[in-house]
Each structure stands twice: as structure tokens, then as C-alpha cells.
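# Observations on the model geometry
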Amino acid sequence: MSSTPTAPEIADLVRRVIAEIAAGQQNGAPAAEAVRQPGVDASAAAGSSGAAGASRPAAAYGIHATVSDAVVAAESAFHQLESLGMDGRRRAIAHIRRIAIDDAEELGRMEFAETKIGRLEHKIEKLKVLGEKVPGVEFITSEVFSGDHGLAVIEHAPFGVIAAITPVTHSLPTIGCNAINMIAAGNSVVVNPHPSGRKVAAEGVRRFNAAIHRDLGIDSLVSLVAEPTLESASELFNHRGVKLICVTGGPAVARAALQSSKRAIVAGPGNPPVVVDATADLDRAARSIIQGAAYDNNLLCIGEKQVFVVEGVFDRLLAAMERAGALRLNAAQVDALTNRAIVMAGEGPHRHPVPCKDLLGQNAAVLARAAGAQADDRLELVFGETDVDNPFVPTEQMMPFVPFVRCRDVDEAIQRAYESEHGFRHTAIIHSNDVRAMTRMGRLLDTTLFVKNGPSVAGLGLGGEGYLSFSIATPTGEGVTTPLTFTRQRRCTLVDDLRVLGSPDSLS
Ligand code: NAD
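Computed from a predicted model, the values in this text were never measured in an experiment.

## With respect to the overall build of the protein
From N to C terminus, the protein includes 17 helices and 20 strands. Within the protein, buried positions represent 55% of all 508 residues. Considering only contacts in the protein between residues 6 or more positions apart, those separated by 24 or more positions represent 74%. When the accessible surface of the protein is summed, it comes to about 21900 Å², and 53% of that surface belongs to carbon and sulfur atoms.

In C-alpha cells form, the structure reads like this:
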């Protein structure tokens, strides 16, 4: 006797057919098309996940030569994912997590060799923590209103294909993190990576897709434009198949996304200030500042960039910094480093200081030598006293030198911190045991992350509570992104029925 199949039965059937196709591909001919894709390592592509049969297109493992190919492949992947339900999402994410953790050493080395910025141990660690701490499908919950008129259920639906722009400071970690969040929400993603981190981006994406393809038969759930440019970013923003944009980067890309006609989630630049007042535990403050500012040579957008200290504890905090292992530069050395490390960019009224490229993300010992001091490569951070007009104060320097500015009292320190943050409303840190000072600073700076008595990374759940993301949406307000960030709400209403509470006699 035959009956109409149920939705779960259809989903199961589709999954089995896709798995059979994938199994067939693994036994087929070499993935000739895949190995011709730019950025794909031929032997690895052929060996990692099997090959395509002669009569059907070969798996691209997410790597595409054009924006259009990438979006079309991502659209198809989105529909396949949809047919596999929550279990499909869970399994796809599990592969990304496993690869991020198991291959962290190899991929971290690759990222370090390609980008030539930051510290190797932190490149590796960022991949591991992304695998462990970025939230997944457990964040996709529904809300319900149950009352006299029945039920209304609010569910969180995917958008479809999302365009992601990623930074050079954490190329593969941002892609992995975005992919977990977006797939957990049921989407697929097309990435236009930073050109200087595109090779590791391609290798990571290829590994993610090869594993997902082998298990679920979906290719290009995470698609990547192999040769990214500003033009390909703009083409991606404007592609009709793209339903949502997520950019992670500095001022130029944040502006471009905000001007786009599509909805954009913008994880923009920061310049996080630190305030230290007279009630602070100075040794704890010093250790925290070093931990946050030295992490990956201060490439993190949340990393401590300038410190405002009340007069009464200024000299003692600087001594604590030295005890904790940072190297203090004298005034002449600070001047030498400033002249070497900060340059002017832009024209006319837009002229402003920026970090010089060849010192950005370099080791503290390199900065020490540029300042005329000596240090070995184990040194984590250099620091020195500056006045508030030193260009290191307003500049997001992204290097492990931190200026310390002497302030009359905590109110002046908070005001200076506010000015140096430029209204990005990104991240601020205070070391204090005065809750009133904390409250005043929290209210004035109005930042997305506000960390008290710990390193900035505690604000992302690393030594503090909460979860991790490498995309902190600041001007658009979504905050530390989660799977829910990449959903749209749908409401499903049933009038007068299925509220099972109440008297049976009340049903008409
Ligand atoms: P970047 O702005 O130079 O590049 C970021 C990305 O944007 C790259 O892929 C780049 O190719 C692209 N891009 C740049 N200009 C563009 C334009 N006009 N149109 C389209 N795409 C464009 O930044 P970066 O050096 O790679 O990263 C560091 C910056 O990113 C810092 O300012 C940092 O604060 C910020 N950042 C923010 C977060 C966050 O979560 N808020 C996370 C990481 C980095």
C-alpha cells in the first residue's frame, strides 16, 4: 500500500540520493575541472574528496574564477542545504570546526607565511578557538506567543546567499567563523577575501567544501572568489543572487557596504582605549594590557591601542608594565618610533595618520629596533609615555607599541578615551574598582564591547564569559555576530487552536 511521503521522508530521500551521487563521484574520473580552478592545488583537490564523473560538472570545492560562478554555485548549495534540514547544517558545521582545529597548525603557518603579519602561535590559536567557541545551530531557537487566540510562532529563517568580505588580519579565522554562523542559520556564503590573504582563504575553503561534499554531497556551501579585487567586491555587493552583505574590515569597506542598496552587517574599525584609575589593581591591569595589546601583534580590532592613566598611579603602572615583561621606550625612542611607524595618508581635510605598512603587525622586537632599542623576538610589547597629541593615540596602529597618556583625574582620562575612539563605538576597557567611574565611561563611550578589569579578548569569551566571533558588527548594531544575526524573522499564526491549556468545555 502506498501513501504520500512526509516532509522528513522526502528530506531523507534527497539526502540519500545526494550521498549516492557523491559516492559515485568518489569512484569516478579525476576532478579535471577542479584542478584548473585558480588557487586550487591539483593533487590535493584530486586526492581529498574524490572526483567527478565525466558526464556531470566536477566539484569546484568552493573556488570560483568569477563572482557569477561563485554566486550560482552558492545558490545551488543553499537549496541543497535547505533539503537536509537542521541535521545537514549541524554536520556541515562539524566539518568546519574539525578542520579548523585539526589543521590549525598547518593552516596557521600558511596564513602567517602569506600575510607576513602577526605571531604564528596566535594564527594557530585563532583557528582552534574558532572551531571550539563560535556558536552554531543551538542559537537558532523560535519564540512562541500562546494565548486566547491560539498560537503565533516566530521562526528564524535563512536569507539565502550571503556575501562576505574578510580582512587580512584574520583571513581564514573570519571566513571559518562567518561560515559557521551563516550555515547554522541555513545560508550559504560567497567570500571575497582580502587579496593578501587569498591563498590561505582558498586552501581553507577547499578543505571545508571537500569534507562537506564527501559527507553531504554539497559543493560550494562556502564559495570563494579566487582572485579578489575591489571590482569583484563591488560586483558581489550588486549581484542579484546575493541577499545580504557582511563585511569585516576598515573604514573604506565599511563605508562601501553602508552605501550599498542591500542590507549590510558591518564589522568596522576600532581604536580601543584603556582607562586606568587610582583604584585599579595595577599588576592585573599591566598583565591584561600586555595580553590584549600583544595578541597577534595587536592586529585584533578589539586590542588595546592607547592607555589613559590618572596621574596618581601613572609611574607605578609603568613600573608594573616593566615587571610584567613589556619594554619601556624613553622619550627619544618614542619619537624615533613615531617618525618611523606613522605616516600621513589622504588629501586635504581627509589627511590623517595611518600605520606604515612595513611595521604593521610586526614583532615588538622589530619596533624596539626601529626605536633604537634592543630586544629579542620573545618580547611581547613595547610602550612609552606620550602626550595626547602623539599620532599613536588617534591611530589604529595595529602594532605592539602602546602609548600611555598621563591624565589629571579619571574624568579627564574618560574624556580622552572617548575622543580617541572616534565614535566607532567598538571596544573600550577600564581597570578600576570604582563602579561610578565604570558607569560614567560605559555611558559616554557607548561601545559595543566594554571590558572591566581584564584583557580585551575577555570581551569575546576568551577568559571572560560569552561566545566568540571574529566579526563584531559596530555601526550597524548587531554586535558580536551569531547565527541569529544572519536570519530573518518569519511569523506563523494559527487562529484559535492548538493552545492546549484551558478547559475543554471552552472550545466551541
Ligand atoms: P581593509 O579595510 O584594508 O580590508 C578589509 C576587506 O575589505 C578586504 O577584503 C579588502 O579587500 C576589502 N576592501 C577594502 N576597501 C574596499 C572597498 N572600497 N570596497 C570593497 N571592499 C573593500 O582592512 P584589513 O587591513 O584587512 O583589516 C583591518 C581592519 O579591519 C581594521 O580597521 C580593523 O579594526 C577592522 N576589523 C574589524 C573587525 C570587527 O569585527 N569589527 C574584525 C577584524 C578587523
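## With respect to the nonpolar core
By size, the foremost hydrophobic cluster in this structure holds 61 residues, and its most contacted members are Ile 183 and Val 222. Sequence-distant contacts of Val 222, defined by excluding residues within four places in its chain, comprise Gly 62, Ile 96, Ile 175, Ala 179, Ile 183, Val 189, Val 191, Val 205 and Asn 209. Counting residues in hydrophobic clusters, the runner-up holds 42 residues, among them Val 274, Ala 326, Val 405 and Ala 437.

## Comments concerning the pairing of strand E8 (residues 264-267)
Of the two faces of E8, the one carrying Ala 264 and Val 266 and the one carrying Ile 265 and Ala 267 are both buried. Summarising the sheet, strand E7 (residues 242-248) and E8 pair through four bridges and their orientation is parallel. Bridge pairing in E8 links Val 247 to Val 266. In this region the chain leaves E7, passes through helix H11 (residues 251-258) and returns to the parallel neighbour E8; the handedness of that crossover is right-handed.

## With respect to the side chain of Thr 169
Here Thr 169 lies in the loop between strand E4 (161-165) and helix H8 (171-184). A residue is classified by how much of its surface remains accessible, and Thr 169, at 11% relative accessible area, is buried.

## Focus on the site of the ligand
Around the ligand lies a shell of 29 residues, among which Thr 166, Val 168, Gly 268, Glu 396 and Ile 472 are the nearest. Contact between the ligand and Glu 396: an oxygen atom at 2.5 Å from a side-chain N or O atom of the residue. At 2.6 Å from an oxygen atom of the ligand is found a main-chain nitrogen or oxygen belonging to Ile 472. Computed on the free molecule, the ligand has an accessible area of 840 Å², of which 86% lies beneath the protein chains in the complex. Counting only elements with at least two residues in the shell around the ligand, the list comes to helix H10 (230-238) and H11. With three residues, the single largest contributor to the shell around the ligand is H11. By residue class, the composition of the shell around the ligand is 16 nonpolar, 12 polar and one charged.

## Focus on the sheet that holds strand E5 (residues 188-192)
With parallel pairing, six strands are arranged side by side in an open sheet as E1-E6-E5-E4-E7-E8. Strands at the two margins of the open sheet, each flanked by one partner only, are strand E1 (63-64) and E8. Note: E1 against strand E6 (residues 222-225), two bridges, orientation parallel. Among the inter-strand pairings, Ile 63 is bridged to a residue of E6, identified as Leu 224. Helix H4 (residues 67-83) contacts E1, E4, E5, E6 and E7 of the sheet and is inclined by roughly 160° relative to E5.

## Digging into the pattern of salt bridges
Applying the stated criterion to the full structure yields 22 salt bridges. For Arg 91, the salt bridge identified is with Asp 87, shortest N-O distance 3.3 Å. Taken as a pair, Arg 91 and Asp 87 lie in helix H5 (residues 85-102) at a separation of four residues, close to a single helical turn. Arg 91 sits in the partly exposed class, given a relative accessible area of 26%. A single network of salt bridges, built from pairs that share partners, joins Asp 103, Glu 106, Glu 203, Arg 206 and Arg 207.

## What about the packing of aromatic side chains?
What the rule picks out here adds up to three aromatic pairs. Each ring, one from Phe 139 and one from Tyr 467, has its centre 5.2 Å from the other, and the planes form 85°; the classification is edge-to-face. With a gap of 328 residues between them, Phe 139 in the loop between helix H7 (120-133) and strand E2 (143-147) and Tyr 467 in the loop between strand E17 (449-452) and strand E18 (472-473) connect regions that are remote in the sequence. Overall, the relative accessible area of 33% leaves Tyr 467 in the partly exposed class. Geometrically, the ring pair formed by Phe 392 and Phe 401 is tilted, given 4.5 Å between the ring centres and 55° between the ring planes.

## Overview of the packing of H5 against helix H9 (residues 198-216)
One way to put it is that H5 packs onto H9 with a least axis distance of 9 Å and a crossing angle of 140°. Classed by the angle they form, the pair H5 and H9 counts as oblique. Between H5 and H9 the crossing geometry is right-handed. Residues Gly 88, Arg 91, Ala 92, His 95, Ile 96, Arg 98 and Ile 99 of H5 lie in contact with H9, whose contacting residues are Arg 207, Phe 208, Ala 211, Ile 212, Asp 215 and Leu 216. Considering only residue class, the contact of H5 with H9 consists of seven nonpolar, two polar and four charged.

## Some details on the state of the cysteines
Enumeration according to the criterion identifies zero disulfides in this entry. Just so you know, Cys 246 is unpaired, no disulfide at all, and the nearest cysteine sulfur is the one on Cys 177, 8.7 Å from it. When its relative accessible area of 1% is taken as the criterion, Cys 246 is described as buried.

## Observations regarding a nonpolar patch on the surface
Together, Leu 494, Leu 498, Val 500 and Leu 501 make up an exposed nonpolar region whose accessible area comes to about 430 Å². Along the chain, Leu 501 falls in the segment after strand E20 (487-495).

## Quick look at the sheet that holds strand E9 (residues 273-276)
Taken in spatial order, the seven strands of this open sheet run E11-E14-E15-E10-E9-E16-E17, and their pairing is parallel. Looking along the sheet, the strands with just one partner apiece sit at the ends: strand E11 (327-328) and E17. Pairing of strand E16 (residues 427-431) with E17, which is carried by four bridges, proceeds in the parallel orientation. What sits directly across from Thr 427, in E17, is Leu 449. Sheet strands touched by helix H13 (residues 311-323): E9, strand E10 (306-310), E11, strand E14 (382-385) and strand E15 (401-407). Its angle to E15, the strand with the most contacts, is close to 155°. Running over the sheet, helix H16 (residues 410-421) touches E9, E10, E15 and E16 and is turned about 175° from E9.

Basis of the calculations
- Residues numbered from 1 in each chain as written.
- Predicted model: local features only at pLDDT ≥ 70, side-chain atom pairs only at ≥ 80, totals over all residues.
- Heavy atoms only, no water.
- Helix = DSSP H or I, 4+ residues; strand = E, 2+ residues; numbered from the N terminus.
- Buried < 20%, exposed > 50% of the residue type's maximum accessible area, 1.4 Å probe, protein only.
- Contact = heavy atoms within 4.5 Å.
- Areas by Shrake-Rupley, 256 points an atom, 1.4 Å probe, with all protein chains shown as cover.
- Core = buried A, V, L, I, M, F, W, Y, C linked by side-chain atoms within 4.5 Å.
- Pairing = 2+ DSSP bridges.
- Right-handed = clockwise from strand over helix to strand, strands pointing away.
- Near = heavy atom within 4 Å.
- Polar contact = N/O pair within 3.5 Å; in protein donor to acceptor, adjacent residues only side chain to side chain.
- Nonpolar A, V, L, I, M, F, W, Y, C, P; charged D, E, K, R; others polar.
- Axes fitted to C-alpha atoms, helices over the stretch in contact; angles between N-to-C directions.
- Salt bridge = Lys/Arg side-chain N within 4 Å of Asp/Glu carboxyl O.
- Phe/Tyr/Trp six-rings, centres within 6.5 Å; stacked < 30°, edge-to-face > 60°.
- Parallel < 35°, antiparallel > 145°, perpendicular 65-115°, else oblique.
- Left-handed = near helix turned anticlockwise from the far one by under 90°.
- Disulfide = S-S within 2.5 Å.
- Patch = residues over 30% accessible without salt bridge, like charges linked within 9 Å, V, L, I, M, F, W, Y side chains within 5 Å.

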